[in-house]
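A structural walkthrough
Single-letter residue listing:
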Amino acid sequence: MSRAEELAANLAAVRTRITDAETAAGRPAGGVQLVVVTKYFPASDVRILADLGVTAVGENRHQEAQAKAAECADLGLDWHFIGSIQSNKAAAIAAYASTVESVDRVKLVGALDRGAQQAGREVGCLVQVSLDPPGASGRGGADASAVAAVADAIAASSALRLRGVMAVAPLGEPPAPAFERLAAISAELRRDHPGATVVSAGMSGDLEHAVKYGATHVRIGSSVLGSRPSIH
Ligand SMILES: *Cc1c(COP(=O)(O)O)cnc(C)c1O
């Protein structure tokens, strides 16, 4: 099987899983957006995915993302940044990302806004929410109590658009109750920011639970591209 055939088959299987999850949740088919997470995989795979109709890709490391976005600039893809952000890299990320999904502290907002303004573009932002117990060293994200402050800072900036929330299911806990908490946090955010409708949740192992609890976007890596090389 060629790489293109392999990716086509994997992508079809993931699209079927999403549709089945939408149906099981009583949601209309085709509403959930797929972001294919291409981290650690080459630009040649991104090119194949674009050929197969993928329009949004996710990356979690700035240097790799920046290089791949430049190499694939002709494809017109939306680049979603989904990794932890160092303050001194935020402005550079805003120059190529159409959506920064991992805004988890107020401190990042000024630099992202500056980068977006310098690049003359609007950048969508999601507040990354921690679904771990408060204070736990988990997978990043703002504690639920800090979401409003991050969201307000994004909303008050000039070149950033607050689109919603993102989260990763916590380690050592079933994903469903965590995604249910995320849905409540999203509902609370939308009381102050009605346009912040995006809920990015769900990965290869748990997308069905995420769709059940209202995810509008799923971020799928290994189910489409295969296992990531372990050298990273
Ligand atoms: C790597 C990654 C994904 C994709 O994970 P898979 O389990 O490979 O689908 C999704 N979201 C984030 C934040 C990631 O870092």
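Above this note sits the structure.
What you see is a predicted model; the values in this text were computed from it and never measured.

What counts and what doesn't
Residues numbered from 1 in each chain as written. Predicted model: local features only at pLDDT ≥ 70, side-chain atom pairs only at ≥ 80, totals over all residues. Heavy atoms only, no water. Buried < 20%, exposed > 50% of the residue type's maximum accessible area, 1.4 Å probe, protein only. Helix = DSSP H or I, 4+ residues; strand = E, 2+ residues; numbered from the N terminus. Arc of directions from axis to C-beta. Contact = heavy atoms within 4.5 Å. Pairing = 2+ DSSP bridges. Right-handed = clockwise from strand over helix to strand, strands pointing away. Near = heavy atom within 4 Å. Polar contact = N/O pair within 3.5 Å; in protein donor to acceptor, adjacent residues only side chain to side chain. Areas by Shrake-Rupley, 256 points an atom, 1.4 Å probe, with all protein chains shown as cover. Nonpolar A, V, L, I, M, F, W, Y, C, P; charged D, E, K, R; others polar.

1. What to know about helix 3 (residues 62–71)
Along helix 3, the residues classified as buried are His-62, Glu-64, Ala-65, Lys-68 and Ala-69. What you see down the axis of helix 3 is that its buried residues fit within an arc of 160 degrees, all on one side. Exposed positions of helix 3 whose direction lies more than 90 degrees from the buried face are Gln-63, Ala-70 and Glu-71. In this structure, the buried residues of helix 3 make contact with helix 2 (43–51), strand 2 (56–59), strand 3 (78–81) and helix 4 (90–93).

2. A word on the pairing of strand 4 (residues 99–103)
Among the 5 residues of strand 4, 5 are classified as buried, and the element is accordingly described as predominantly covered. Relative to strand 5 (residues 123–128), strand 4 runs parallel, the two sharing 3 bridges. Bridging from a neighbouring strand, Val-103 pairs with Val-127 of strand 5. Considered for its hand, the β-α-β crossover made up of strand 4, helix 5 (residues 107–119) and strand 5 is right-handed.

3. What to know about the site of the ligand
Close contacts around the ligand come from Val-37, Lys-39, Ile-82, Val-168, Met-203, Ser-204, Arg-219, Ile-220, Gly-221, Ser-222 and Arg-228, and that covers them all. In the environment of the ligand, an oxygen atom lies 2.7 Å from a nitrogen or oxygen atom belonging to the side chain of Lys-39. Arg-219 is positioned with one of its side-chain polar atoms (N or O) 2.8 Å from a nitrogen atom of the ligand. Protein contact buries 88% of the 390 Å² of open area that the ligand shows by itself. Among the residues making up the shell around the ligand, the classes are represented as 5 nonpolar, 3 polar and 3 charged.

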